[in-house]
Amino acid sequence: MITLKINQKSYEVDAAPDMPLLWVLRDLLGLTGTKFGCGVAQCGACTVHLNGEAVRSCVTLVKRAIGQDVVTIEGLSPDSSHPLQQAWLEFDVPQCGYCQSGQLMSAAVLLKENPNPTDQDIDDAMSGNICRCGTYPRIRKAIHRAASLQKEGGSHV
Ligand code: FES
Ligand code: FES
């Protein structure tokens, strides 16, 4: 058994230590907000936070997460109140939606590290997250909006 801390909750899972974290999240724990896209760290759909860093869970072995702090899209906020989630709703960012949890998780790390990103900062930070629907302009706009919301409202990220 492996003990994991995910979204502030402790889980016991019967997983091989070399299983990718993505499969543990989705198949063993039913946390299906995190998506499988490419499986080889090329698309960003599977992005989660490991100790506050954005990682590709499709290539992160679950043993790396033991005793660490994992946050998935389900834990980004308790009630969709994260400034990014508010901005995403305001600008109707998703099209098919498939890439969006990964986009949000990457954007959350960006905003935490750089509360006032330029277009270039956003493009650089988000370049590993592919959107087949081409929602990039809305993603950029929503990240700027979330940055202002964060400034106005203080804390979340
Ligand atoms: S599924 Fe992990 S980066 Fe594509
Ligand atoms: S919204 Fe469809 S892949 Fe991004």
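In this text, all values refer to a predicted model and were calculated from it rather than measured experimentally.

A. Broad picture of the pairing of strand β3 (residues 47-50). Burial of the side chains of β3 extends over both faces: T47 and H49 are buried on one face and V48 and L50 on the other. As paired strands, β3 and strand β4 (residues 53-56) are joined by four bridges and run antiparallel to one another. Note that in β4 the partner of H49 across the bridge is A54. Adjacent in sequence and paired antiparallel, β3 and β4 are bridged by two residues, among which N51 carries a positive phi angle near 50°. Pairing of β3 with strand β5 (residues 69-71), which is carried by two bridges, proceeds in the antiparallel orientation. Its bridge partner lying in β5, L50 is registered against V70.

B. Geometry of the side chain of T72. Mapped onto the elements, T72 comes out in the loop between β5 and α2 (83-90). At a separation of 2.6 Å, a polar atom in the side chain of T72 contacts the side chain of E74. Beyond its immediate sequence surroundings of up to four residues, T72 is in contact with I6, N7, L25, T34, V48 and M105.

C. Quick look at the pairing of strand β1 (residues 2-6). Residues of β1 alternate between two faces, with I2, L4 and I6 buried on one and T3 and K5 left unburied on the opposite face. When β1 meets strand β2 (residues 9-13), the two strands line up antiparallel, connected through five bridges. When the bridges of β2 are listed, K5 appears paired with S10. Here β1 folds back onto β2 in antiparallel fashion, the turn holding two residues, of which N7 has a positive phi close to 50°. In terms of strand pairing, β1 meets β5 through two bridges, oriented parallel. Opposite I6, over in β5, you have V70 as the bridge partner.

D. Here's a closer look at helix α3 (residues 100-113). With 14 residues, α3 extends 20 Å between its outermost C-alpha atoms, agreeing within 8% with the 20 Å of an ideal straight helix rising 1.5 Å per residue. Across the 14 residues that make up α3, a large majority, twelve, are buried. Among the residues of α3, Q100, S101, G102, Q103, L104, M105, S106, A107, A108, V109, L110 and L111 are the ones counted as buried. Buried positions along α3 lie against β3, β4, β5, α2, α4 (119-126) and α5 (136-153).

E. Here's a closer look at the nonpolar core. Residues L84, W88 and I143 are the most contacted members of the largest nonpolar core, which totals 21 residues. If you list the elements that add at least two residues to this core, you get α2, α3, α4 and α5. When sequence neighbours within four positions are dropped, the list of residues in contact with I143 reads L84, W88, A107, L110, L111, P117, I122 and M126. Grouped together as the second largest cluster of nonpolar side chains are 16 residues, A15, L31, V62 and A65 included.

F. Focus on the sheet that holds β4. The strand order β2-β1-β5-β3-β4 describes an open sheet built from five strands, whose pairing is mixed. Two strands close off the open sheet at either side, each with one partner strand: β2 and β4. Neighbouring strand axes in the sheet, compared pairwise and without regard to direction, differ in orientation by 40° on average. Its contacts with the sheet put α3 on β3, β4 and β5, and the angle it makes with β3 is roughly 40°.

Calculation criteria
Residues numbered from 1 in each chain as written. Chains lettered and ligands numbered in written order. Predicted model: local features only at pLDDT ≥ 70, side-chain atom pairs only at ≥ 80, totals over all residues. Heavy atoms only, no water. Buried < 20%, exposed > 50% of the residue type's maximum accessible area, 1.4 Å probe, protein only. Helix = DSSP H or I, 4+ residues; strand = E, 2+ residues; numbered from the N terminus. Pairing = 2+ DSSP bridges. Polar contact = N/O pair within 3.5 Å; in protein donor to acceptor, adjacent residues only side chain to side chain. Contact = heavy atoms within 4.5 Å. Expected span 1.5 Å × (residues − 1). Core = buried A, V, L, I, M, F, W, Y, C linked by side-chain atoms within 4.5 Å. Axes fitted to C-alpha atoms, helices over the stretch in contact; angles between N-to-C directions.

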